[in-house]
Amino acid sequence: MQTIKAAVCREFGAPLVIEDIRLADPGFGEVEVTLDAVAICHSDISYAEGAWGGHLPAVYGHEAAGVITALGDGVSEFQTGDTVVVTLIRACGTCPNCAGGKPTICENPTDGVQGPITTADSEPLLQAMACGAFAEKVVIHRSQIVKIPSDMSREAACLLSCGVITGVGAAVNAANLRAGQDVVVIGAGGVGLNAIQGARIAGARRIVAVDMTEEKLDIAKEFGATHGVLASDPKPWRKSYKALGGRGADAVMVTVGAAGAYNDAPKYLGWGGKAIMIGMPHADSHSEYSPMGMSYQGQGLIGSKMGDTVIQRDIPWMVDLYQQGRLKLDELISGRWSLDQINEAIADTKTGSAKRNVILF
Ligand SMILES: [Zn+2]
Ligand SMILES: [Zn+2]
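The rules behind these values
Residues numbered from 1 in each chain as written. Chains lettered and ligands numbered in written order. Predicted model: local features only at pLDDT ≥ 70, side-chain atom pairs only at ≥ 80, totals over all residues. Heavy atoms only, no water. Helix = DSSP H or I, 4+ residues; strand = E, 2+ residues; numbered from the N terminus. Pairing = 2+ DSSP bridges. Axes fitted to C-alpha atoms, helices over the stretch in contact; angles between N-to-C directions. Patch = residues over 30% accessible without salt bridge, like charges linked within 9 Å, V, L, I, M, F, W, Y side chains within 5 Å. Areas by Shrake-Rupley, 256 points an atom, 1.4 Å probe, with all protein chains shown as cover. Salt bridge = Lys/Arg side-chain N within 4 Å of Asp/Glu carboxyl O. Buried < 20%, exposed > 50% of the residue type's maximum accessible area, 1.4 Å probe, protein only. Donors = N, O, S within 2.8 Å, 3.2 Å for Na, K, Ca; no water.

Caption draft 1: Just unusual backbone geometry, in detail. Here the residue pair L56 and P57 is connected by a cis peptide bond, since its omega of -5 degrees sits within 30 degrees of zero. Counting through the fold element by element, P57 comes out in the loop between α1 (42–49) and β4 (58–59). With a phi angle near 55 degrees, M129 is a residue other than glycine that sits in the positive phi range. Along the chain, the position of M129 falls in the loop between β8 (126–127) and β9 (137–141). Although it is not a glycine, A130 sits at a positive phi angle of roughly 60 degrees. Of note, A130 is situated in the loop between β8 and β9.

Caption draft 2: Looking closely at the sheet that holds strand β1 (residues 2–8). Taking strand neighbours across the sheet as the criterion, the three strands line up as β1-β2-β7 in an open arrangement whose pairing is antiparallel. The open sheet terminates on both sides in strands that have one partner only, identified here as β1 and β7 (117–119). The average angle at which neighbouring strand axes cross in this sheet is 45 degrees, direction not considered.

Caption draft 3: Quick peek at a nonpolar patch on the surface. On the surface, W271, M292 and Y296 cluster together to form a nonpolar patch covering roughly 450 Å² of accessible area. Here Y296 lies in helix α9 (residues 291–296). Since its relative accessible area comes to 57%, Y296 is described here as exposed.

Caption draft 4: Looking closely at the coordination of the zinc ion (ligand 1). Within the protein, the zinc ion (ligand 1) binds to C41 (SG), H62 (NE2) and C162 (SG); these donor distances fall in the range 2.1 to 2.2 Å. Sequence spacing of the donor residues for the zinc ion (ligand 1), all on one chain, is C-x20-H-x99-C. Taken together, the positions of H62 in the loop between β4 and β5 (63–71) and C162 in the loop between α3 (154–157) and α4 (163–174) put the pair 100 residues apart, joining distant regions of the chain. For C162, a relative accessible area of 5% puts it in the buried group.

Caption draft 5: Representation of the pattern of salt bridges. A complete count under the given rule lists 16 salt bridges for this structure. The closest approach of N and O atoms between K267 and D264, which form a salt bridge, is 2.9 Å. Taking the relative accessible area as the measure of exposure, K267 reaches 36% and is therefore partly exposed. Taking the relative accessible area as the measure of exposure, D264 reaches 22% and is therefore partly exposed. In this structure, the salt-bridge partner of R313 is D314, at a minimum N-O distance of 2.9 Å. Classification of D314 by relative accessible area gives buried; the value is 2%. Sharing partners across several salt bridges, the network here consists of D182, R206, R247 and D250.

Below is the structure:
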């Protein structure tokens, strides 16, 4: 047991509080990672605003990278001193989904309230998303980490743990894109830019980005979009057909958490096209589409959690593409902050103009 600093949510919608918390030693199958970097994701903000409920007090944060500083019993594949990416994808390894190659939908989630952290007064403290990475250290399960080269920039590496694998994985794993296909990506934020570069890596022919401002569409083009359409257009899908030579897309990836975007997503599709649902709206939002149209045209709606990523398979190839200059990570970072500045970093992320804000320890 040790005392570390963390940013704690004590009340939904209120600023996070920097306080000392208690962290248990790693148990069986667990490791302790001392963090170098953690990025702020819109999921952290949704949780902190109370959009998805959950126990309080809580420590959010789930896009992290650091160095292993202690090993629990039964961990032989890692050593102290290993540099790792820390993800929220905790996999039991034996349920039907894990065994079937889909650890992102493991059927045995853990109870984060019974996790390794408590308040300084030993009161229960939620280790949100099995990470609790708005803190100097985390104790997490061996299945959640992947070793990366020790000389890799940690601020770039931490992005691999959520936004990048979610977007690139949606293109490569969930949409299963192949060379020559046409793609629409709704939202050019932290996940959307990665869906765009995932489509580029998969060999898409034309990639249409849809977002609210010309500035965001210009950034989308730096990541591989071939066309941009303003979401404020009364019928933006018509502009998309035009960009795609008069036809609908083979895949549309919805990377924003807005029900309206989900209502419109099927309208961008061509016959046989698939809508990939990535962004997570608030728990009480609902969406409408025409089942008849989708059935008649052989279209599909596919939910994709964390890009259907198998971290041990996918993060190493993404690291290689980054080192070859084919996957942009440094360009995703728009701000660097200290843990003490986390509320300012969150406020900056909420403006919607930032790509990824990173806390450096
Ligand atoms: Zn995230
Ligand atoms: Zn499982």
